[in-house]
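Structure at a glance
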Amino acid sequence: MNYQEIIEEILAEVKPLQGKGKQADYIPALAKVNPDQSGICIHTLDGDEFAAGDATVRFSIQSISKVFTLAMCLGLEGDAIWQRMGKEPSGTAFNSLIQLEIEKGKPRNPFINAGAIVMCDILISSMKARNKDYLQNYLAFIHDVSGCNTINYNTDIADSERSCGYLNAAIANMLKYYGNIVNEIEEVLRFYFLTCSIEMSCCELAKAFIPFADHNKPFEFNGIALTASQVKRMNAIMQTCGFYDEAGEFSYLVGLPGKSGVGGGIAAIYPQRYSVAVWSPRLNEKGNSIVGLKTLELLTTRTKESIF
Ligand code: GLN
């Protein structure tokens, strides 16, 4: 398969869409990113890399970090985490409060904000019990899984999100009210915003998702070990919950497990074959990158490669 030719063609084709939609301006720092950028990178299990456009420009990974958070939670605490959140698609916005109240503080799944905030609470407790620094270890895990140790939090973005993070604070407060947060709300929110603020490029993200595409290889990074079955189950959650209330549409149009973020990035995997990351900052009303979605739809359509 000539991935290089295919992705270059697709990127040129989707360019006119680049002006559509808008950046996530509820995080003021994200609204300042130059929106006229787009990139794609594919990593194959054989170690080949194919990149086009702004594939080496770092951007805020936002909710894509929820995949790394889940991997760490599963590795450290195993199935016990499912007592505190579900694994069903939410069918609601990533920051919805209504469902959380109806379901009495148990988030539908780990990939909506409420679920990720609970996971941050789990990681803080888990690391503290091991006398480890959770911020340092979270980053060390990402360094190991991506093979790149210059990846970092962007504290300006985290501060900017906190300054206007009223909805996430409301979610955290409701979780605490229902007894689903153990640590101090402010500490949990700070950690959550920092995980979202991490900056990576398409090429770094694609590389970091290879272990999720390759469940036959032992998964162990910075002491976090997952079984092949756990990795496959993580893919199942990406497939059903990775795009909030657009998960069905993504399955329908793209047909790969994946995860989006409001920084405009999407990472996805074709199990046993490749991982791919796309990025372009302007979003549709569901918070997913317009160019990113179209690029992946065309990729799996042109290559005739999807999990279905
Ligand atoms: N930090 C963002 C938030 O909490 C992440 C949301 C996203 O990427 N969908 O709202």
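Please read these numbers as outputs of a predicted model, since none were measured by experiment.

Attention shifts here to the pairing of strand S2 (residues 49–53). As paired elements, strand S1 (residues 39–44) and S2 share five bridges and run antiparallel to each other. Within S2, the residue paired with cysteine 41 across the bridge is alanine 51. Linking S1 to S2, which pair antiparallel, is a turn of four residues; within it glycine 47 sits at a positive phi near 100°.

The next point concerns the nonpolar core. Residues Phe68, Phe209 and Phe212 are the most contacted members of the largest nonpolar core, which totals 85 residues. It is helix H4 (residues 113–129) that provides the largest number of residues to this core, a total of 10 residues. Among all residues touching phenylalanine 209, those that are not within four sequence positions of it are Ile64, Val67, Phe68, Met238, Ala267, Ile269 and Ser275. Ile42, Ala247, Leu256 and Ala268 belong to the second-largest nonpolar core, a separate cluster that totals 26 residues.

Moving on: the packing of helix H6 (residues 155–163) against helix H8 (residues 185–197). Contact geometry for H6 and H8: axes closest at 8 Å, N-to-C directions at 130°. By the criterion of interaxial angle, the relationship of H6 to H8 is oblique. In the crossing of H6 with H8, the sense of the turn from one axis to the other is right-handed. On H8, the residues touching Thr155, Ile157, Ala158, Asp159, Glu161 and Arg162 of H6 are Glu186, Leu189, Arg190, Phe193, Leu194, Cys196 and Ser197. Tallied by class, the residues present in the contact of H6 with H8 amount to six nonpolar, two polar and five charged.

Every residue lining the ligand is accounted for by Tyr26, Gln62, Ser63, Phe94, Asn113, Glu161, Asn168, Tyr192, Cys196, Tyr244, Gly261 and Val262. Here an oxygen atom of the ligand and a side-chain polar atom of tyrosine 26 are 2.5 Å apart. When the ligand sits alone it has 300 Å² of accessible area, and the protein chains cover 100% of it. Partitioned by chemical class, the residues of the shell around the ligand number six nonpolar, five polar and one charged.

Another aspect to go through is the packing of aromatic side chains. Enumeration over the complete set of coordinates arrives at 16 aromatic pairs. When the centroid spacing of 5.0 Å and the interplanar angle of 80° are considered together, the rings of tyrosine 177 and tyrosine 178 count as edge-to-face. Judged by its relative accessible area of 66%, tyrosine 177 is exposed. Centre to centre, the rings of phenylalanine 212 and phenylalanine 219 are 5.3 Å apart; their planes meet at 50°, and the pair counts as tilted.

With that out of the way, let us pick up the environment of leucine 17. Structurally, the position occupied by leucine 17 is in the loop between helix H1 (3–14) and S1. Each C-alpha atom of the pair leucine 17 and arginine 282 lies 9.3 Å from the other, and the pair is 265 residues apart in sequence. Aside from chain neighbours lying at most four places away, what touches leucine 17 is Ile290, Val291 and Lys294.

Taken in spatial order, the five strands line up as S2-S1-S9-S8-S7 in an open sheet, and their pairing is antiparallel. The open sheet has two edge strands with one neighbour each: S2 and strand S7 (258–260). Neighbour-to-neighbour, the strand axes of this sheet turn through a mean angle of 5°, independent of strand direction. In this structure, strand S8 (residues 265–270) lies alongside strand S9 (residues 274–279), joined through six bridges in antiparallel fashion. When the sheet's bridge partners are listed, isoleucine 266 is paired in S9 with valine 278.

Once that is clear, we can look at unusual backbone geometry. Phi at asparagine 222 takes a positive value of approximately 45°, unusual for a residue other than glycine. The residue asparagine 222 is located in the loop between strand S5 (219–221) and strand S6 (224–226) in this model. A relative accessible area of 33% means that asparagine 222 is categorised as partly exposed. Although it is not a glycine, lysine 304 adopts a positive phi angle of roughly 55°. In this structure, lysine 304 sits in the segment after helix H12 (290–303).

A few words now on the state of the cysteines. By the definition in use, this model includes zero disulfides. Unpaired in terms of disulfides, cysteine 120 finds its nearest cysteine sulfur in cysteine 196, a separation of 7.4 Å. Relative accessible area serves as the criterion here: at 1%, cysteine 120 is assigned to the buried category.

With that settled, the discussion passes to the pattern of salt bridges. Opposite charge on two side chains lets them pair, provided their charged atoms get close. If you walk through the whole model with that rule in mind, you get 14 salt bridges. The shortest N-O distance in the salt bridge between lysine 22 and aspartate 25 comes to 3.4 Å. Using a relative accessible area of 51% as the deciding quantity, one classes lysine 22 as exposed.

On to helix H2 (residues 65–77), then. Given a rise of 1.5 Å per residue, 13 residues ought to cover 18 Å, and the 18 Å separating the end C-alpha atoms of H2 matches this to within 8%. Along H2, the residues classified as buried are Ser65, Lys66, Val67, Phe68, Thr69, Leu70, Ala71, Met72, Cys73, Leu74 and Leu76. Looking at the residues trailing H2, positive phi occurs at glycine 78, about 60°.

What counts as what
- Residues numbered from 1 in each chain as written.
- Predicted model: local features only at pLDDT ≥ 70, side-chain atom pairs only at ≥ 80, totals over all residues.
- Heavy atoms only, no water.
- Pairing = 2+ DSSP bridges.
- Helix = DSSP H or I, 4+ residues; strand = E, 2+ residues; numbered from the N terminus.
- Core = buried A, V, L, I, M, F, W, Y, C linked by side-chain atoms within 4.5 Å.
- Buried < 20%, exposed > 50% of the residue type's maximum accessible area, 1.4 Å probe, protein only.
- Contact = heavy atoms within 4.5 Å.
- Axes fitted to C-alpha atoms, helices over the stretch in contact; angles between N-to-C directions.
- Parallel < 35°, antiparallel > 145°, perpendicular 65-115°, else oblique.
- Left-handed = near helix turned anticlockwise from the far one by under 90°.
- Nonpolar A, V, L, I, M, F, W, Y, C, P; charged D, E, K, R; others polar.
- Near = heavy atom within 4 Å.
- Polar contact = N/O pair within 3.5 Å; in protein donor to acceptor, adjacent residues only side chain to side chain.
- Areas by Shrake-Rupley, 256 points an atom, 1.4 Å probe, with all protein chains shown as cover.
- Phe/Tyr/Trp six-rings, centres within 6.5 Å; stacked < 30°, edge-to-face > 60°.
- Disulfide = S-S within 2.5 Å.
- Salt bridge = Lys/Arg side-chain N within 4 Å of Asp/Glu carboxyl O.
- Expected span 1.5 Å × (residues − 1).

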